[in-house]
Amino acid sequence: MRKKIKMASSSEGGRLNEVKDALKVVKDISDLLNTGLDDDTLKVCVQLLEAGVNPEALASVVLELRRAIGAQEASTVIET
Amino acid sequence: MAKTSSTRPLSSSSSSGLVPDLLHRLCTNFVKEQDQINKLYKLCLNIISSNVTQGVVSDEFRLCQRIQKKMVLRQREADALRFSELHRQMKSQGFVKDTIALLQFFYVLSEDGEKTSGEIRDTFLMESMNLPAALLPSSYNPKGQGVPKKKFHSSTPHSVSFSSSGLGSSWRSDPPSTIRGHHSTINASDSSVMLKDQSTSTSVRHPPPTSIRIPVFDPTESELPEDALVQDLLFVFQGIDGKYLSMKKGPEGFRIPNELMVHPAHLEHCYKLAELGWLHHKIKAYIDMRKQDFSLGLVVQSFLSALSLELTEYYRLVAVLEAQLSADQESSGHVTSDKLSLRRLVVWTREPLEKLRTLAILVDGCKNVRGGALLSTLYLYAQHGDPEVMRLVKHLLNQVYRPINTLLNAWVFEGQLQDHYNEFFILADLKASDDRLWHGKYTIRSNMLPKFIPESLARKILTVGKSISFLRQKCNDQTELFTPSQKNWFKKGDCTFDTMTGDPLSHIINITYRDTSKYLLNILNTQYHLKDHLGAFRKYLLLGQGDFIKHLMDIIERELAKPATSCYVHNLTAILESAIRATNAQYDEQDVLSRLDVQLLDASPGDTGWDVFSLLYRVDGPISTVFTPDTMLRYLQIFNFLWRAKRIEFILAGMWRKQMNHQKQLRNIPDFHVCLHQCQLITGALIHFISQLQYYIMFECLECSWAELLKCIDGAVDLDEVITAHSKFLDVIVTRCLLDPASQPLLTQLRTLFDRIVEYQNKQDSMFAAFLTETERRKQYELTKESRADQGLWAETQDETEREYQLRDEFYQSVILDYQSQFTILEHSYNDTLKSFLERVSDHLDESLQFLARRLDFNRFYRGTETVSLLM
C-alpha cells in the first residue's frame, strides 16, 4: 500500500487524477446509499474519517447540521 | 444502548489541529452566518468528542452484505451489483485507507434517510427478535410449516451477542418503509414496546429518499390485500396499533375501521388473530402495573417474572413470523407456496393463543391476591382437565413457589421468619414477649396458607419452627439438629412446586417435626426437669403429699384462725418451713422445695386466715411455657377448694375427738344424753359426707386424671401435646371439683354445707363448754354435799335441794333444750341443703359426680325421706 502511494506521488498530474477517481468512486457509493452529501462535504468528511474520527459520531454531526439548516430554513419561511 | 467504541479511539493526539479545522470547514459548508457557524461548530465538536456509537457492524464484509441485501430487498439488484463493484474499486485504489469507517458513515447516513437515527427499540423485544430461529423453543416453532429458518439464520448469525439497536433496526426496517412512516404517530405515544427518541439525537424525520420504491396501499381504492393485513397483524400481536387494526378503548380490542374494505373471510381471520394482541396487551399491562410495586412481595414479583418469560417465548414466535414475512418480501415476485397467509397465521398461532388465554385468565384471577394466597389461586387453576393448561400453570407455579420455599427453609431449619412482605403462612406477633413465644407469638395465617399444604401439615411446620426458635431463644440451646445433607433438602436445584409439594414435603416435615419435638421434649425433661415440677405441683398444690398437708394443717391452724389482716407471710413461711422439715417432704429435691412458697390473697373485711392462705409454686425459664400464668391461676383455684375441703375434714376429725374426750365426763348426767346422742348422729352424718367427698376428690378427680396425664406425657410427640394434656388435666379437675362456671350453683351449695359444718362446730364447742361448766358446777355441789356429810352435818337442806333441782331444771330447759332445738334446726337446714345438692349432683353430666351422689346417699336415706314426705 505505502509503495503504491509513493509511486502515485511520483507524478503530480497522475496523483491528482487518482485522487479525483477515488473521490468519484466515493461519491458514487455515497449516492448509491442516498446519503445526500455533496462533493465538498464529502471531501471534508473523508478527511475527517481518515483523521480517525468515529464514523458514527461524524454521521450524527452531519445529521445535526442538516437539522440546524432545516430549522433555520423553517424559521425563515415563517418569517417571510 | 449507546456504547463507547473501543475499537476506534479518536486519534486526536496525532491530528489534534486537523480535526477541529476540518469540522469548522464542514460547518461552513452547511451554514453561512458566522455566529451560527460557531454555535454549530461547538455542538459538532461535542458530538465528536462524546464518541458515542450505536454499534453499527464493524465487520466490513458483513456491512457490505447488509447494504447489498437492503438494495436487493428494494428491487435494486443492479445498484447492489454496482455497489460491490465500486467497493472493490475503492479498496484497490487505496486512496481511502479506512474504508470500513467510510462505509459505516454512509450506512448510518443512508439509514437515516429512512428513519430518525438513534431510535432505541425496546431492548427486550429486540433481543427476542434477534434470536436465530434455531434457538426458538419447539412449542413456538410451528413444525414443518415452512418457516424459513435457514435464511433468517444466515442473515443474523452475529446478532445474538450484539443486541444493540443498530442491527435490530436495520433488519427491522427491512419491511417496506411505509410501515415506519405510518406508525410514526403511534411511536410517539405508545410507551411499552415502542421506539423512543434518544435525547441526543433529535427527532427530525427526513422524508424517505425518492429513489426507494414504496409500495403504498390506498385504503379507499379497493379491498385491502392479505399481505398488508398480515403485516399489520404482526404489530398487533405485540400490542401495537397497526395501520388498519387499532386498539379501541373498552373490551372489544382491536378493530378495523368500517370504512376500510376488507374481504369478509379476511376480516374474520383478522379478528381471530387480533385476540392475541388484546391478550398480550392485557398481560403486559398487568406486569407493568405491578413491576415497580415491591410492596406486593416476592411471590408476586416471581409471578410477574414467570409471566414475562412466557411472553418472551411468545415474542420469539412473533420474531419468527416477522422473519418469514421479510423472507416473503425478499422473494416477492416469485409466487411461493409457503407464503405467510392469514390462514397460516391462524394455524400457527393456535397454540400460543391458548397459552395467552390461560395466562390472561390467571392474570384476572390473581389480581387481588399475593403471597401464599397467590399460590393457592394458581394451584386451583392448575386443577384443570386440559393437560396443556395444567402444564403451563404448573410451570408458573414452579417459579412462584420459590420464594415460599426459601421462607420455609429458613423457618423449618433455623426457626427464623424472614417474611418481610407478610406472604408466609406463619405469622409472628412481634409485640408478643418472649414469654409468650410458644403460645402467642407464632400463629398460622390461614389466608396465606397455600391450598396444597394441608392444615395438619401446616401445624406441624409451625411446631417445627416454633420448637427450634424456642430451643434457641428460651433454652439457649444452639445444638445443630440437622445434618448438612438434611439442611440441603430445600436448597436442591430442583426444589420446585412439582418436586417439593405433596409427599416429599410432608416427608421432610414429618422427619424434622419428629426430630425437633423429640429433642425439645428431651431437653425439657432432662435439663429442665419438667416431670419433677409436675410432680411437685401434684404433691403440694394438689395435696398429694398427705403427711405434709396434715402436719401443715396442724401447726398452721392457730395462725389461720386469726383475721386475714393479721396474718403475715413471713410467719406463715416459717410454719411452712417447719412443716417441710418435719415430714417426708424434706427428702424432696432442694430445687423443688425452694420454689415452694406461701401466698396471701387479697383479703376482704371479715375474712379469716383460712380464706386468704394459699401455697405457691414458683416456676420460671422454659418450663413456664407449660406452667403459664393462666395455669397457675387454675392451680390456685383448685388448691383453695382442696384446702377448704381438707379443713372441713380436719374440723370434723377434731369434733369427733372432742366428743370422744368428753364422752366419759358427761355420760354421768342423763340430761345430756339426748343432746349428745343427737350430736353424735349429726357428726356421723357429716363425717360420712366429708369422707365420701374427700374420697371422690382424691381418687376420682385427682388420681385418675393424674394417671391419665402421666400416660399422655410419656406418649407425647411434641410440646404442644404436653401442654394440651396438662391443660386437659386441669380442666378435668376443675370440672369435677365443681369449679367451672357451669357448676357454680353446686359449688355455692357445697360452700353452704361447709359453712353449716363450721357453724355446727362452733355450736358444739359452745355446747361442750356449757355442759362442762354445768358438770363442774354439779360436781362442786356433790363435793360440798360429801364434805358436809363427812363433817356429820346434813348433806343438803330442803332449800338447797330445791334450789339445785330448780337450777338443773333451768339448765335443762334453757340450755339443753335450746341446744337440742338448735341442732335440730341445723340438721334440718343441713339436710335440706344436702338434698338439693344431691339432686343437682345426680343430674350432673359428669359420670363420676353422679357416682358421688350415689355414694353419699347409697341407702336413699336423704332422698327416701323426701319421697316419703311427698307421698304423705
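Residues numbered from 1 in each chain as written. Chains lettered and ligands numbered in written order. Predicted model: local features only at pLDDT ≥ 70, side-chain atom pairs only at ≥ 80, totals over all residues. Heavy atoms only, no water.

Draft legend 1. Molecular detail of the overall build of chain A. Check the secondary structure of chain A and you find 4 helices and 0 strands. Entry remark: accessible area of chain A is about 4,300 Å², with carbon and sulfur atoms responsible for 54%. (Helix = DSSP H or I, 4+ residues; strand = E, 2+ residues; numbered from the N terminus. Areas by Shrake-Rupley, 256 points an atom, 1.4 Å probe, with all protein chains shown as cover.)

Draft legend 2. Summary view of the overall build of chain B. On a plain count of helices and strands, chain B comes out with 34 helices and 8 strands. Out of the 872 residues belonging to chain B, those deemed buried represent 50%. At a minimum sequence separation of 6, the contacts of chain B that also span at least 24 residues come to 73%. For chain B, the exposed area adds up to about 41,800 Å²; of that, 54% sits on carbon and sulfur atoms. (Buried < 20%, exposed > 50% of the residue type's maximum accessible area, 1.4 Å probe, protein only. Contact = heavy atoms within 4.5 Å.)

Draft legend 3. Looking closely at the state of the cysteines. A complete count under the given rule lists 0 disulfides over all chains for this structure. With no disulfide partner, Cys 704 of chain B has as its closest neighbouring cysteine sulfur the one in Cys 701 of chain B, 8.5 Å distant. (Disulfide = S-S within 2.5 Å.)

Draft legend 4. The arrangement of the confidence of the model for chain A in detail. Per-residue confidence for chain A gives a mean pLDDT of 74, with 74% of residues at or over 70. Low pLDDT, under 50, characterises residues 1–10 of chain A; the predicted model gives this stretch 6 contacts beyond four residues in sequence or across chains. (pLDDT = per-residue confidence, 0-100.)

Draft legend 5. The environment of Thr 775 of chain B, seen in detail. Residue and element names in this part refer to chain B. Among the structural elements, Thr 775 can be located in helix H31 (residues 744–790). When the C-alpha positions of Thr 775 and Ile 669 are compared, they lie 7.9 Å apart, and in sequence the two are 106 residues distant. Not counting chain neighbours up to four residues away, the residues in contact with Thr 775 comprise Gln 665, Leu 666, Ile 669 and Phe 672.

Draft legend 6. Focus on the packing of helix H19 (residues 455–473) of chain B against helix H22 (residues 503–526) of chain B. All names here are of chain B. H22 packs onto H19 with a crossing angle of 40° between their chain directions and a minimal axis gap of 9 Å. Here H19 lies oblique to H22, going by the angle between them. Both H19 and H22 take part in a crossing whose hand is left-handed. Contacts from Leu 457, Lys 460, Ile 461, Thr 463, Val 464, Ser 467, Ile 468, Phe 470 and Leu 471 in H19 reach Leu 505, Ser 506, Ile 509, Asn 510, Thr 512, Tyr 513, Thr 516, Tyr 519, Leu 520, Ile 523 and Leu 524 in H22. For the contact of H19 with H22, the per-class residue count stands at 13 nonpolar, 6 polar and 1 charged. (Axes fitted to C-alpha atoms, helices over the stretch in contact; angles between N-to-C directions. Parallel < 35°, antiparallel > 145°, perpendicular 65-115°, else oblique. Left-handed = near helix turned anticlockwise from the far one by under 90°. Nonpolar A, V, L, I, M, F, W, Y, C, P; charged D, E, K, R; others polar.)

Draft legend 7. Here's a closer look at the confidence of the model for chain B. Residues and elements named next belong to chain B. Of the residues in chain B, 81% reach a pLDDT of 70 or more, and the chain-wide mean stands at 78. Long-range and interchain partners of residues 115–220, a stretch whose pLDDT sits below 50, account for 186 contacts in this model, where long-range means more than four residues apart. Interface confidence for the predicted complex, expressed as ipTM, amounts to 0.79; the pTM equals 0.61.

Draft legend 8. Looking closely at the packing of aromatic side chains. Residue and element names in this part refer to chain B. Taken as a whole, this structure holds 28 aromatic pairs over all chains when the rule is applied. Pairing Trp 610 with Trp 643 gives two aromatic rings, centres 6.1 Å apart and planes at 35°, and the pair type is tilted. Remark: Trp 643 occurs in helix H28 (residues 629–666) and Trp 610 occurs in helix H27 (residues 609–612); sequence separation between them is 33 residues. With respect to burial, Trp 610 and Trp 643 carry one shared label: buried. Ring geometry for Phe 639 versus Trp 643: centroids 5.6 Å apart, planes at 20°, classification stacked. With Phe 639 and Trp 643 both in helix H28, this residue pair falls 4 residues apart, about one helical turn. This pair shows no difference in class: Phe 639 is buried, exactly as Trp 643 is. Put simply, the rings of Phe 672, Tyr 760, Phe 771, Phe 811, Tyr 819 and Phe 823 touch in pairs and so form one group of aromatic residues. Sitting over the face of the ring of Trp 438, Lys 466 holds its NZ or CZ atom 4.6 Å from the ring centroid. (Phe/Tyr/Trp six-rings, centres within 6.5 Å; stacked < 30°, edge-to-face > 60°. Lys NZ or Arg CZ within 6 Å of the ring centre and 35° of its normal.)

Draft legend 9. Examining unusual backbone geometry more closely. Residues and elements named next belong to chain B. The phi angle at Leu 738 is positive, at roughly 60°, despite the residue not being glycine. In this structure, Leu 738 sits in the loop between helix H30 (719–736) and H31. The phi dihedral of Arg 860 falls on the positive side, at around 55°, and the residue is not glycine. With respect to the helices and strands, Arg 860 occurs in the loop between helix H33 (847–856) and helix H34 (861–871).

Draft legend 10. Broad picture of the packing of helix H13 (residues 298–330) of chain B against helix H16 (residues 371–382) of chain B. Residues and elements named next belong to chain B. One way to put it is that H13 packs onto H16 with a least axis distance of 7 Å and a crossing angle of 45°. Accordingly, the angle class assigned to the pair H13 and H16 is oblique. Note on element contacts: H16 touches H13 through Gly 371, Leu 374 and Leu 378, opposite Val 299, Val 300 and Phe 303. Residue composition of the contact of H13 with H16, by class: 5 nonpolar, 1 polar and no charged.

Draft legend 11. Geometry of helix H1 (residues 18–30) of chain B. All names here are of chain B. Look at H1: 19 Å from first C-alpha to last across 13 residues, which is about the 18 Å you get at 1.5 Å a residue. Every buried residue of H1 is listed here: Val 19, Leu 22, Leu 23, Leu 26, Cys 27 and Phe 30. Each buried residue of H1 sits inside an arc of 145° when the element is viewed along its axis, so together they form one side. (Expected span 1.5 Å × (residues − 1). Arc of directions from axis to C-beta.)

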